[in-house]
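# Survey of secondary and tertiary structure
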Amino acid sequence: MTWKPFRRARARLAAEIRDLDEPSPAWGLWACVVSVVLSVGLFLADVVVSNDIRLAGLSGLGLLATALLGTRRQSLISAAAVAAVSVAEAVNDPLGRPVLEALSLVTTALFVLATLLISRVRIQREHLLAETRAVANAVQNTLLQPFPLTAGPLTATGFYLAAQQGARVGGDIYEVVDSPYGVRILIGDVQGHGLAALGAAHAVLTAYREAAFHQPDVVRLTEQMESALLRYNATASVDGADMERFVTATVIQAGPDGRTTTVVCGHVPHYVVSDGRVTEVAMSEPGLPLGLGPLIGVPRTPLDSTITADCVLVLCTDGVTEARDRQGVFFPLTDTLRELAGLPPGELLERLRTALVQHSEGELLADDAAVLLVTAAPADTAER
């Protein structure tokens with residue numbers, strides 16, 4: 001019977017070896033070609049030139065390219081390089097200059113060790129990056145569900161562009177819930193952007209998901225979201241300092257008869273696209289963002305309206321409307337929607353995203369940007 005600690009140690013060693021023998025990247029073949037050509041070239045040069053020059057030891061330079069490969073392939077190429085150097089030294093000067101021969105072999109061996117060390121560090125960092133991405137994906141899928149979202153007769157697609165490099169989530173939130181009182185749509189924007197805004201985003205979104213099922217009044221729904229944000233602000237801190245965040249939001253309740261009730265909490269206007277026409281839905285009094293309402297105590301006022309089954313709701317955050325190009329010009333969202341109004345929803349969304357990225361010229365946006373496109377038709381294929 002095998003001793004358990006030994007089995008565990010053997011399993012850890014086997015896992016480490018498997019980790020180091022990861023598949024080569026797509027450009028691994030070029031690494032092999034560079035390594036072999038350089039090593040063979042120096043080997044042949046060492047055989048041809050006079051005995052006063054030792055080039056075989058420099059063949060280890062070619063091994064540096066193998067740092068892009070897995071350890072197993074590196075070991076095979078390294079062994080071949082050491083054997084080649086030994087042959088070169090034996091052919092060049094089988095009886096004389098043992099110090100030069102030893103120096104050539106030692107140089108090659110040092111190159112081999114350096115290359116293996118570089119490869120090990122690279123693979124470990126790639127593992128760390130993969131684990132970090134897996135955690136980010138898990139956080140994103142917990143905080144924001146992947147598109148498309150389906151609730152009752154409505155389907156929502158959209159995209160999310162995080163302002164922080166390497167992040168896939170940030171301060172923008174969205175959700176569509178099928179409640180006993182109709183389909184409820186939320187889009188919001190937390191003060192700030194990137195990963196620092198995740199806490200407030202999670203607090204508001206969690207409160208919305210719970211209250212949307214149980215709270216019949218939309219205004220009361222927003223008040224419960226605000227209460228959750230205030231509790232979060234009371235305990236949250238950033239780098240040891242108290243940090244009170246506010247959240248702009250739009251909540252829309254859509255009934256089966258086409259009647260909608262909208263409550264805006266300091267958020268940017270949304271749009272209704274129907275029959276090739278674009279209508280901006282802006283509140284005369286957009287209200288205060290969540291977290292600031294108790295400062296004045298003015299109740300939020302809902303807006304009642306009616307939409308048709310063939311219309312498209314386009315909601316966004318101010319990361320879209322405030323996106324600038326290099327000249328500081330804001331993204332022309334209204335004009336862009338009018339140009340795209342006649343397209344199917346999926347194509348409209350894709351073209352809108354492309355236009356936004358082109359406007360910012362491929363640079364990171366100054367703020368997180370989210371777009372939510374809600375239709376009564378089945379979801380078109382759209383990128384997140």
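Analysis parameters
- Residues numbered from 1 in each chain as written.
- Predicted model: local features only at pLDDT ≥ 70, side-chain atom pairs only at ≥ 80, totals over all residues.
- Heavy atoms only, no water.
- Helix = DSSP H or I, 4+ residues; strand = E, 2+ residues; numbered from the N terminus.
- Buried < 20%, exposed > 50% of the residue type's maximum accessible area, 1.4 Å probe, protein only.
- Contact = heavy atoms within 4.5 Å.
- Areas by Shrake-Rupley, 256 points an atom, 1.4 Å probe, with all protein chains shown as cover.
- Expected span 1.5 Å × (residues − 1).
- Polar contact = N/O pair within 3.5 Å; in protein donor to acceptor, adjacent residues only side chain to side chain.
- Phe/Tyr/Trp six-rings, centres within 6.5 Å; stacked < 30°, edge-to-face > 60°.
- Pairing = 2+ DSSP bridges.
- Axes fitted to C-alpha atoms, helices over the stretch in contact; angles between N-to-C directions.
- Salt bridge = Lys/Arg side-chain N within 4 Å of Asp/Glu carboxyl O.
- Core = buried A, V, L, I, M, F, W, Y, C linked by side-chain atoms within 4.5 Å.
- Patch = residues over 30% accessible without salt bridge, like charges linked within 9 Å, V, L, I, M, F, W, Y side chains within 5 Å.

On to the overall build of the chain. Each helix and strand counted, the chain has 10 helices and 13 strands in total. Burial status across the chain gives 43% buried among its 384 residues. Within the chain, contacts between residues at least 6 apart in sequence are counted, and of these 71% link residues at least 24 apart. About 20000 Å² of surface is accessible on the chain, with carbon and sulfur atoms providing 61% of the total.

This part covers helix α6 (residues 218–235). For α6, built from 18 residues, the straight-helix expectation of 26 Å at 1.5 Å per residue is met to within 8% by its first-to-last C-alpha distance of 27 Å. Along its buried surface, α6 packs onto β4 (182–190), α5 (198–214), β7 (247–254), β8 (259–265) and α7 (293–296). Two to three positions downstream of the cap, the backbone nitrogen of Val219 sits 3.1 Å from a side-chain oxygen, assigning the N-cap of α6 to Asp217.

Our focus in this paragraph is the packing of aromatic side chains. How two aromatic rings sit relative to each other is set out by the distance from centre to centre and by the angle between their planes. Here the structure, examined in full by the defined rule, presents 1 aromatic pair. Taking the centre distance of 4.6 Å and the plane angle of 15° together, the rings of Phe147 and Tyr174 count as stacked. Here Tyr174 lies in strand β3 (residues 172–179) and Phe147 lies in the loop between α4 (98–143) and β1 (149–151), a separation of 27 residues in the sequence.

Spatial ordering of the open sheet is given by β1-β2-β13-β12-β9-β10, a layout of 6 strands whose pairing is antiparallel. Taken across any chain shown, the strands that pair with only one partner, and hence form the sheet edges, are β1 and β10 (277–281). For this sheet the average axis-to-axis angle between neighbouring strands, irrespective of direction, equals 20°. Two strands pair when backbone bridges link them, and strand β9 (residues 270–274) and strand β12 (residues 312–316) are joined in this way by 3 bridges, in the antiparallel orientation. In the strand pairing of β12, Val272 is matched with Leu313. Its contacts with the sheet place helix α10 (residues 345–359) against β2 (154–161), β12 and β13 (369–375), and it is angled at close to 15° to β2.

This part is about the pattern of salt bridges. Scanning all chains against the criterion turns up 6 salt bridges. The salt bridge involving Glu175 is made with Arg209; its shortest N-O contact spans 2.6 Å. Pair noted here: Glu175 is in strand β3 and Arg209 is in helix α5, with a separation of 34 residues, a long-range link. Classification of Glu175 by relative accessible area gives buried; the value is 2%. Between Asp335 and Arg338 there is a salt bridge, with its nearest N and O atoms 3.9 Å apart. One end of the pair, Asp335, and the other, Arg338, are both in helix α9 (residues 333–340), 3 residues apart, so they sit about a helical turn from each other. Residue classification places Arg338 among the exposed residues on the basis of a relative accessible area of 51%.

Take the nonpolar core next. Among the nonpolar cores identified, the biggest contains 48 residues, and Ile185 and Leu372 are the most heavily contacted of them. Sorting elements by how many residues they give to this core places α5 first, with 8 residues. What Ile185 contacts, discounting residues up to four positions off in sequence, is Leu154, Glu175, Val176, Tyr208, Thr250, Val251, Ile252, Leu313, Leu315, Leu372 and Val374. Within the second largest apolar cluster, 23 residues are counted, among which are Val278, Cys316, Phe331 and Ala341.

Omega for the bond connecting Phe147 with Pro148 falls within 30 degrees of zero, at 0°, which places this linkage in the cis form. If you trace the backbone, Pro148 turns up in the loop between α4 and β1.

Turning next to the pairing of β10. Side-chain positions along a regular strand alternate between the two faces of the sheet. Pairing geometry for β9 and β10, over 5 bridges, is antiparallel. Residue Val272 lies in a different strand from β10, and its bridge partner there is Thr279. Between β9 and β10, which pair antiparallel and follow one another directly, the connecting turn spans 2 residues, one of which, Asp275, has a positive phi of 55°.

This brings us to a nonpolar patch on the surface. On the surface, Val106, Leu110 and Leu113 cluster together to form a nonpolar patch covering roughly 300 Å² of accessible area. With respect to the helices and strands, the residue Leu110 is situated in helix α4. Of the residues examined, Leu110 reaches a relative accessible area of 54% and is grouped as exposed.

Attention shifts here to the sheet that holds β3. One open sheet accounts for 5 strands, arranged β3-β4-β7-β8-β11; its pairing is antiparallel. A strand with exactly one partner marks an edge of an open sheet, and here the two such strands are β3 and β11 (303–306). Neighbour-to-neighbour, the strand axes of the sheet open up by a mean angle of 15°, direction not taken into account. Each of β3, β4 and β7 is contacted by α5, which is oriented at about 10° to β3, the strand it contacts most. Across the face of the sheet, α6 comes into contact with β4, β7 and β8 while running at roughly 150° to β7.

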